Amino acid sequence: MLQLILLIVACQTGAPEFLDHARLLVYRDSAGTERKVKTRRDWEKRRSLILQNMQAVMGPLPDSKRRVPLDIRIESVEETPTFTRKKITFAVEKDDRLPAYLLIPRGLEGKAPAVLCLHQTIQPGKEEPAGVSGNPDLHYAAHLADRGYVALAPDYAPFGEYRADPYALGYVSGTMKGIWNHMRAVDVLESLPEVDGNRIGCIGHSLGGHNTLFLGVFDQRIKAMVSNCGFTSFPKYYGGNLAGWTSDRYMPRIANVYGKDPKKVPFDFPEVVAAIAPRALLVIAPVGDDNFEVSGVRDCVDASRTVYNLLGASPKLAELYPECKHEFPASSREAAYSWLDRWLKAKN
C-alpha cells in the first residue's frame, strides 16, 4: 500500500521526465513532443518545468497564505568598530519565529546593498557567518558588513537556536522549509530603511552553498549569488549514492519516491544553475572537495552556460576551481566578495 501511495504521489506531479538533465535547450510541450529552446520565451517554458520537477521532490512552494507580519524583535545589540550586530527573531509563518543575526555597517549614507548569508552544516548555525563563533574563514556576514553591506545570517533547522519541525508544519522537505524561511529573510532585508531592495544578494558555503542556489531559483529578488562548495551533479555525488540528500533536513522523497536513483530524480543541478539565469552567479568548487566532486560541478556549469549565452548574460556566470579541499580560503573569499561588489555595488 505504501508503495502504491508513493507511486500516486509521483504521478500526480505531472512533471515531464528529462533523463538527461544537461540537455537544457530542449523542452516538451503538453503533448510530450520535444521542442528546441530558441528564444527567451522558450526558455521560460523549460524553466517552468524545472521548477515543477524540483517541487515534485521538495514539495510545493508555499503560497501567500503562509505569509504573516514579520514582527521583527531585537534580542540583543553589539557594537563593533565597523558594524552593529543585532540578534533578532522574526515571524516566517504562524507560530514560527526564525532567529538570525543582522549586521549593519556603521556610518551608512543612503541605502546600501544587502546579502543573505547562509551557514554550513554546523551546530552554532548563524553564529559562524555572523562572526560570533566558528571558523574565521566562514565569517562572511561580518566580512561583508566590513565592506559596507547589510548582512543577514539566519539559522537553518535544526541548527543554532532554531528547532521548528518542517514536517509538523506541513512541509514534505526540510529544503522547501528552508527556501520559504530564506524568502522571508529577503522580506526582512527589503523592509529595512538601510537597504536598497533592488541590490540583494546571497552567499553560502556547503549547506549554505546549495541553499543559496535553491533560494535563487524560487526568489528572483536575489540579484547576485555565490555558492562555495555547494553541489555537484547527482550522478557524481558519491558515485550516484544520494543517501546524503535524503535526511529530514533535505529531501526524503529522493529516497521514498525515487529510490535514491539519480536516473529517477526529476531534476539535477545543471537545471538548478540554469534556472538562476540571467542573474549573476559565481560557482566556487575546490578541486579537492571530497563532498562535491569537481568534475560534476564543471558538467553543471558547462551545461548551464548555454542558457546564459541564449539570454545574453554570459558575463553573469563565472566559475572558480581553487586548489584546496572543502574550504573557503582567503583567495576564494576575495573572489566572492569582488563578485558581489561587481553586481551589487553599482546602482543600476
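Residues numbered from 1 in each chain as written. Predicted model: local features only at pLDDT ≥ 70, side-chain atom pairs only at ≥ 80, totals over all residues. Heavy atoms only, no water.

> Lay out the pattern of salt bridges with the relevant residues and their values.
Counted according to the given criterion, the structure contains 24 salt bridges. Put simply, Glu-79 and Arg-106 hold a salt bridge, and the shortest N to O gap is 3.6 Å. Placement of the pair is Glu-79 in strand E3 (residues 73–79) and Arg-106 in the loop between strand E5 (96–105) and strand E6 (112–118), with a sequence separation of 27 residues. Taking the relative accessible area as the measure of exposure, Arg-106 reaches 47% and is therefore partly exposed. (Salt bridge = Lys/Arg side-chain N within 4 Å of Asp/Glu carboxyl O. Helix = DSSP H or I, 4+ residues; strand = E, 2+ residues; numbered from the N terminus. Buried < 20%, exposed > 50% of the residue type's maximum accessible area, 1.4 Å probe, protein only.)

> Explain the packing of aromatic side chains to me, and be specific about the residues and the numbers.
Applying the stated rule across the entire model yields 13 aromatic pairs. With centroids separated by 6.0 Å and ring planes inclined at 65 degrees, the aromatic side chains of Tyr-140 and Phe-328 adopt a geometry described as edge-to-face. With Tyr-140 in helix H3 (residues 140–146) and Phe-328 in the loop between strand E11 (317–320) and helix H9 (330–345), this residue pair connects regions lying 188 residues apart in the sequence. Both residues of the pair, Tyr-140 and Phe-328, belong to the buried class. One aromatic cluster in this structure is built from Phe-214, Phe-231, Phe-234, Tyr-237, Tyr-238, Trp-245, Tyr-250, Phe-267, Phe-269 and Phe-292. (Phe/Tyr/Trp six-rings, centres within 6.5 Å; stacked < 30°, edge-to-face > 60°.)

> Lay out the sheet that holds E11 in plain terms, naming residues and giving numbers.
With mixed pairing, 9 strands are arranged side by side in an open sheet as E3-E4-E5-E7-E6-E8-E9-E10-E11. Two strands close off the open sheet at either side, each with one partner strand: E3 and E11. Across the sheet, the mean angle from the axis of one strand to that of its neighbour is 20 degrees, orientation sign disregarded. One ladder, built from 6 bridges, connects E3 with strand E4 (residues 83–93); its direction is antiparallel. Note on E4: the bridge partner recorded for Glu-79 is Thr-84. Packing against the sheet, helix H4 (residues 174–191) makes contact with E4, E5, E6, strand E7 (150–154), strand E8 (195–205) and strand E9 (222–228), and its axis sits at approximately 125 degrees to E4. (Pairing = 2+ DSSP bridges. Axes fitted to C-alpha atoms, helices over the stretch in contact; angles between N-to-C directions. Contact = heavy atoms within 4.5 Å.)

> Please set out the state of the cysteines residue by residue, giving values where relevant.
Throughout the structure, instances matching the rule amount to 0 disulfides. The thiol of Cys-202 is unpaired, and the distance to the nearest cysteine sulfur, on Cys-117, comes to 7.5 Å. (Disulfide = S-S within 2.5 Å.)

> Mind laying out helix H8 (residues 294–310), listing which residues take part and the relevant values?
Look at H8: 25 Å from first C-alpha to last across 17 residues, which is about the 24 Å you get at 1.5 Å a residue. Listed in full, the buried residues belonging to H8 are Val-294, Gly-296, Val-297, Cys-300, Val-301, Ala-303, Ser-304, Val-307 and Tyr-308. Packed against the buried residues of H8 are helix H2 (40–58), helix H7 (269–274), strand E10 (280–284) and E11. Phi for Gly-312, located one or two positions after H8, is positive at around 70 degrees. (Expected span 1.5 Å × (residues − 1).)

> Tell me about the side chain of Asp-219, and name the residues and values.
Tracing the backbone through its elements, the reader meets Asp-219 in the loop between helix H5 (207–218) and E9. On the basis of relative accessible area, Asp-219 is assigned to the buried category, the value being 4%. Excluding residues that lie within four positions of it along the chain, Asp-219 makes contacts with Met-183, Val-186 and Arg-279.

> Give a description of the packing of H4 against H5 that names residues and reports values.
One can describe the packing of H4 onto H5 by two numbers: an axis separation of 9 Å at closest approach and a directional angle of 70 degrees. By the angle between their axes, H4 is roughly perpendicular relative to H5. For the crossing formed where H4 meets H5, the hand is right-handed. Listed contacts from H5 to Thr-175, Met-176, Ile-179, His-182, Met-183 and Val-186 of H4 are Asn-211, Phe-214, Leu-215 and Phe-218. Among the residues forming the contact of H4 with H5, the class breakdown is 7 nonpolar, 3 polar and no charged. (Parallel < 35°, antiparallel > 145°, perpendicular 65-115°, else oblique. Left-handed = near helix turned anticlockwise from the far one by under 90°. Nonpolar A, V, L, I, M, F, W, Y, C, P; charged D, E, K, R; others polar.)

> Explain the side chain of Arg-85 to me, and be specific about the residues and the numbers.
In this fold, Arg-85 is placed in strand E4. Taking the relative accessible area as the measure of exposure, Arg-85 reaches 8% and is therefore buried. A polar side-chain atom of Arg-85 sits 2.7 Å from the main-chain carbonyl oxygen of Ala-130. The residues touching Arg-85, leaving out its near neighbours within four places in the chain, are Ser-76, Val-77, Glu-78, Thr-80, Tyr-101, Leu-102, Leu-103, Ala-130, Gly-131 and Val-132. (Polar contact = N/O pair within 3.5 Å; in protein donor to acceptor, adjacent residues only side chain to side chain.)

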